[in-house]
Amino acid sequence: MRIGIAGIAGRVGRLLVQEVGLAGAELSGGTVRPGSTVRSPDPDVFVFKDLAALAAQSDVVIDFTHFDTVAVHADTLSGSGTSWILGTTGLSPQTQASVERAARHIPIVQAANFSPGVALVLDLARRMTLALPAEVYDAEILEMHHRQKVDAPSGTALALGHVVAGARGVRLDDMRESGRDGHAGPRGPGAIGFAALRGGQIVGEHTLIFTSGSEQLALTHRAFDRAVFAAGAVRAALWAEGRSPGLYGMEDVLGLR
Ligand SMILES: NC(=O)C1=CN([C@@H]2O[C@H](COP(=O)(O)OP(=O)(O)OC[C@H]3O[C@@H](n4cnc5c(N)ncnc54)[C@H](OP(=O)(O)O)[C@@H]3O)[C@@H](O)[C@H]2O)C=CC1
Ligand SMILES: O=C(O)C1=N[C@H](C(=O)O)C[C@H](O)C1
């Protein structure tokens, strides 16, 4: 299997080069941001002029880039028929719709977090929510990341929010309370709250907290090394080979669904 890496010079992209090698797959090359003077992290790995050129030489493209690139990548990869492993977060609803349209033509594995531990946390979050009634337990989600992160709340925090909302039978958009500041008023009944902290080189931490008048439960995941995301994405790439077009998640790759 030939794997291409969009964003090969990025924090996750560089680690993907190693993980593709460890998996024994063929690395077809990568892309960097158009106009960037940054070179490939490995002199033996070719940087193509654009995603279409990379896709033509790849069976699957793993993509950890920037939310502004995703709609164009959706068109390019659905046009070339190349499978897509999409880790980029911070997508607008319109951009997410472009991913869903592309999934009619190609297999896509999309996950806000490719760590196997987070896939399990999402499953546990659903079970916790079902056991803890919204009228009694307030749900809050806390995430902490490195100072360079450009989207908030993180994709994983939003995924946790969607799980809580889904298990409660409500829409996250109707219940979301983010970035309380100033005269914010009391929390709304059934609200799902978000807090995003940034600093230093924190790889990624997420905690879902349920608090009642008399007790508190918390479910935490901490990533210590970005290699966990890169290894999960390569695992998803190998899994995607030969799949029918569709939008899949890490729960499919791990057999949790
Ligand atoms: N799903 C998951 O498990 C994880 C998801 N992420 C997400 O992945 C994304 C990348 O994260 P991270 O690696 O930390 O970020 P980085 O900024 O380190 O890497 C992104 C790379 O993509 C490059 N880039 C930007 N636009 C393009 C383009 N059009 N074509 C090719 N390359 C491009 C950037 O170049 P330049 O610097 O020149 O702009 C940069 O080198 C983020 O959205 C992040 O939230 C991160 C970790 C885990
Ligand atoms: O930008 C990051 O670094 C990360 N982004 C993902 C997210 O937004 O959830 C996953 C991980 O937490 C690291």
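Residues numbered from 1 in each chain as written. Chains lettered and ligands numbered in written order. Predicted model: local features only at pLDDT ≥ 70, side-chain atom pairs only at ≥ 80, totals over all residues.

The name given to the protein in an unreviewed UniProt entry is 4-hydroxy-tetrahydrodipicolinate reductase, and the organism recorded there is Lichenicola cladoniae. UniProt annotates the protein under Subunit (unreviewed entry) with the comment "Homotetramer." (UniProt positions renumbered as here; feature names shortened; annotations may be inferred.)

Draft legend 1. Quick look at the domain arrangement of the protein. Segmenting the protein into domains produces domain 1 (2-114 + 226-253) and domain 2 (116-223). With ten residues of domain 1 at the contact, the number on the domain 2 side is twelve residues. Listed by contribution, the elements that provide at least two residues to the side of domain 1 that touches domain 2 are helix 8 (227-240) and helix 9 (250-253). For the side of domain 1 that touches domain 2, the per-class residue count stands at four nonpolar, four polar and two charged. (Domains from an automatic or database assignment. Contact = placed C-beta atoms within 7 Å. Helix = DSSP H or I, 4+ residues; strand = E, 2+ residues; numbered from the N terminus. Nonpolar A, V, L, I, M, F, W, Y, C, P; charged D, E, K, R; others polar.)

Draft legend 2. Layout of the UniProt feature "active site" (unreviewed entry) in the protein. Under the present numbering, the feature "active site" (unreviewed entry) in UniProt falls on His145 and Lys149. Given 25 C-beta atoms within a 10 Å radius, His145 is considered buried. Here His145 is in contact with Ser154, Arg198, Ile202 and Gly204, once residues within four sequence places are set aside. Tracing the chain through its elements places Lys149 in the loop between strand 6 (138-145) and helix 6 (155-168). (Buried ≥ 20, exposed ≤ 12 C-beta atoms within 10 Å, placed from the backbone.)

Draft legend 3. Seen up close, unusual backbone geometry. Cis peptide bonds are those with omega within 30 degrees of zero, and the linkage from Ala152 to Pro153 qualifies with -10°. Of note, Pro153 is situated in the loop between strand 6 and helix 6.

Draft legend 4. How the structure looks around the sheet that holds strand 2 (residues 26-31). The sheet built from six strands is open, its strands ordered 2-1-3-4-5-11 with parallel pairing. In this open sheet, the two edge strands, each paired with only one partner strand, are strand 2 and strand 11 (246-248). Averaged over all adjacent pairs, the angle separating strand axes in this sheet is 20°, with direction ignored. Looking at chain direction, strand 1 (residues 2-6) and strand 3 (residues 60-63) are connected through four bridges and run parallel. Residue pairing for strand 3: Ile5 is matched across the bridge by Ile62. The sheet contacts of helix 8 involve strand 1, strand 3, strand 4 (83-86) and strand 5 (107-110), and relative to strand 4 the element is tilted by about 155°. (Pairing = 2+ DSSP bridges. Axes fitted to C-alpha atoms, helices over the stretch in contact; angles between N-to-C directions.)

Draft legend 5. Structural view of the sheet that holds strand 10 (residues 216-223). Pairing in this open sheet of five strands is mixed, and the strands run 7-8-6-9-10 from one edge to the other. In the strand order of this sheet, the two ends are held by strand 7 (176-178) and strand 10, each with one partner. On average, adjacent strands in this sheet sit at an angle of 15° to one another, irrespective of strand direction. Sheet topology note: the strand 9 (residues 204-211)/strand 10 ladder contains eight bridges and is antiparallel. Counted as the bridge partner of His206 is His221 from strand 10.

Draft legend 6. Layout of the UniProt feature "domain: Dihydrodipicolinate reductase N-terminal" (unreviewed entry) in the protein. The UniProt record marks residues 1-114 with the feature "domain: Dihydrodipicolinate reductase N-terminal" (unreviewed entry), using the residue numbering of this structure. For residues 1-114, helix accounts for 34% and strand for 20%, while the C-alpha atoms at its two ends are 20 Å apart.

Draft legend 7. Representation of the nonpolar core. Within the largest apolar cluster, 68 residues are counted, with the highest numbers of intra-cluster contacts made by Leu16, Ile62, Ile85, Ala233 and Ala236. Ranked by residue count, the leading element in this core is helix 8, at ten residues. Taken domain by domain, the makeup of this core includes at least three residues from each of domain 1 (2-114 + 226-253) and domain 2 (116-223). Dropping the residues within four chain positions of it, Ile85 is found in contact with Val60, Ile62, Asp63, Val109, Ala233, Ala236, Ala237 and Ala240. (Core = buried A, V, L, I, M, F, W, Y, C linked by C-beta atoms within 7 Å.)

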